[in-house]
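Here's the letter readout for the chains.
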Amino acid sequence: MTTVGGHGLIPDSDDRAEVAQARVLAALDGGALALLLAIGHQTGLLDTMATRARVSTAELAVTSGCERSYVRAWLVGMASAGVVDHHDDTDEWELPRSVAGLVSRDGGARNIAAFAQTIPVLAENLERVGDCFHHGGGLAPSRTSHMRTLASELTGVNYDERLIDTVLASIPGLLGALHEGIRVVDLGCGSGRAVNLIAETFTFCDVVGYDIARDGIAVAAAEAATRGADNARFETADVRSVAEPGTFDLAMTLFSAFHQPDPAGVLRAAHRLLRSGGRLLLGDSVRLTTEQYADPNATFTSVMQCMYVLPSLSVGGEGEERDVPDEDEIVEALVAAGFVDVEVLRPERAPIGVGYVTAVRP
């Protein structure tokens, strides 16, 4: 027998214990690096180093507004991990250009340091998630607010680079319709990045975002004003009770519907709001297939689902036990809500653990 893991195959042999031990130790080392990257991202140390060829400890401390002793300890760890170079002759430090784009904000969606923040944020609920393992249920929204904020930040960067040119472009004819001008609604819009991006890009569209969280709607409205997206509108509401039936050409629910206490109700609302022939775009977390277990990102995706997605499904720990859906279950739910022409999309470079499905209201 051979065990399949995201970092290769582990043969069932006398060496398996040593191989497993080496990988566990490497995981601990990787966890330490994740913390260092998260610190570098939050303090701006990585962004500062990305703009300089070489820098001394003292100079980096002054420029970033950090204490010198902490900066040096951080630099030693980053150099030990092979991310930063140390020049012995001048006692200076350098973030190589080839690495800077992967660990600084200039890298956009490629910025691994931004994603590294998820490790310490997820760990905040380690004991509480352990209780969920034994007793079921989930975590109250107040317990996952930090992760939701971070997820919104990471998703926003991803949307900026991929939502239009990759996801929306995978639906034939949609970009053309958006350029001409249609009505779009986002159910569970969160902080509104998708709405604002579409409104800013397609100025003839009328784009509306609904969410039950007032703080997210406030952020969304402020961003719309900053972007000058006058065709974007946001309202605080339970998406199941929105009263604009049959008036939208495109409905979206992105990483929202199956996180709600009543996913079926959200899908029925989307069906009700669409005109005949209108289209739904649904994006959400999906269970990994067995073929994806060997993917290099499978471990990270699994811990996100285990420690954030699953605890968020049972809001406040109430209701029946729920699981991350697979693509077939999402398709079945859309058919049950009255949609036709249901199709699973395969956008280019879509990460594993994420599913996009489109459907039409007859």
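Higher on the page you've got the structure.
Quantities reported herein were computed from a predicted structural model and do not represent experimental measurements.

Visitor: Even after reading the chapter, I still don't get the packing of helix 1 (residues 16-43) against helix 4 (residues 68-80), so can you show me in this structure?
Guide: Packed helix pairs are characterised by how far apart their axes lie and by the angle those axes make with each other. The N-to-C vectors of helix 1 and helix 4 enclose an angle of 130°; their axes lie 10 Å apart at closest approach. Considering the angle they form, helix 1 stands oblique to helix 4. The handedness of the crossing between helix 1 and helix 4 is left-handed. Note on element contacts: helix 4 touches helix 1 through W74, G77 and M78, opposite L33, L36, L37, I39 and G40. Grouping the amino acids of the contact of helix 1 with helix 4 by side-chain chemistry returns six nonpolar, two polar and no charged.

Visitor: Looking at this structure, how should I read the pattern of salt bridges?
Guide: Oppositely charged side chains are able to pair whenever their charged atoms sit close together. Within this structure, the stated rule accounts for 19 salt bridges. The salt bridge involving D249 is made with R275; its shortest N-O contact spans 2.8 Å. Here D249, found in strand 9 (residues 248-254), pairs with R275, found in strand 10 (residues 274-285); they are 26 residues apart in sequence, far enough to count as distant. Under the relative-accessibility criterion, D249 is labelled partly exposed at 27%.

Visitor: Please clarify how the nonpolar core should be interpreted in this entry.
Guide: Nonpolar side chains in soluble globular proteins tend to be buried together. Judged by nonpolar contacts, the single largest core of 31 residues is most densely connected at L163, L178 and L281. Where this core is concerned, the elements lending two or more residues are helix 9 (145-167), helix 10 (174-180), helix 11 (193-201), helix 12 (214-227), strand 8 (232-236) and strand 9. The leading source of residues in this core is helix 11, at five residues. Excluding anything up to four places from it in sequence, L281 contacts V167, L168, I171, L250, A251, M252, T253, L254, L345, Y356 and V357. Residues V242, L282, V357 and A359 belong to the second largest nonpolar core, which totals 25 residues.

Here is what the cut-offs are and how they apply
- Residues numbered from 1 in each chain as written.
- Predicted model: local features only at pLDDT ≥ 70, side-chain atom pairs only at ≥ 80, totals over all residues.
- Heavy atoms only, no water.
- Axes fitted to C-alpha atoms, helices over the stretch in contact; angles between N-to-C directions.
- Helix = DSSP H or I, 4+ residues; strand = E, 2+ residues; numbered from the N terminus.
- Parallel < 35°, antiparallel > 145°, perpendicular 65-115°, else oblique.
- Left-handed = near helix turned anticlockwise from the far one by under 90°.
- Contact = heavy atoms within 4.5 Å.
- Nonpolar A, V, L, I, M, F, W, Y, C, P; charged D, E, K, R; others polar.
- Salt bridge = Lys/Arg side-chain N within 4 Å of Asp/Glu carboxyl O.
- Buried < 20%, exposed > 50% of the residue type's maximum accessible area, 1.4 Å probe, protein only.
- Core = buried A, V, L, I, M, F, W, Y, C linked by side-chain atoms within 4.5 Å.

Any functional reading would require information beyond the geometric quantities listed.
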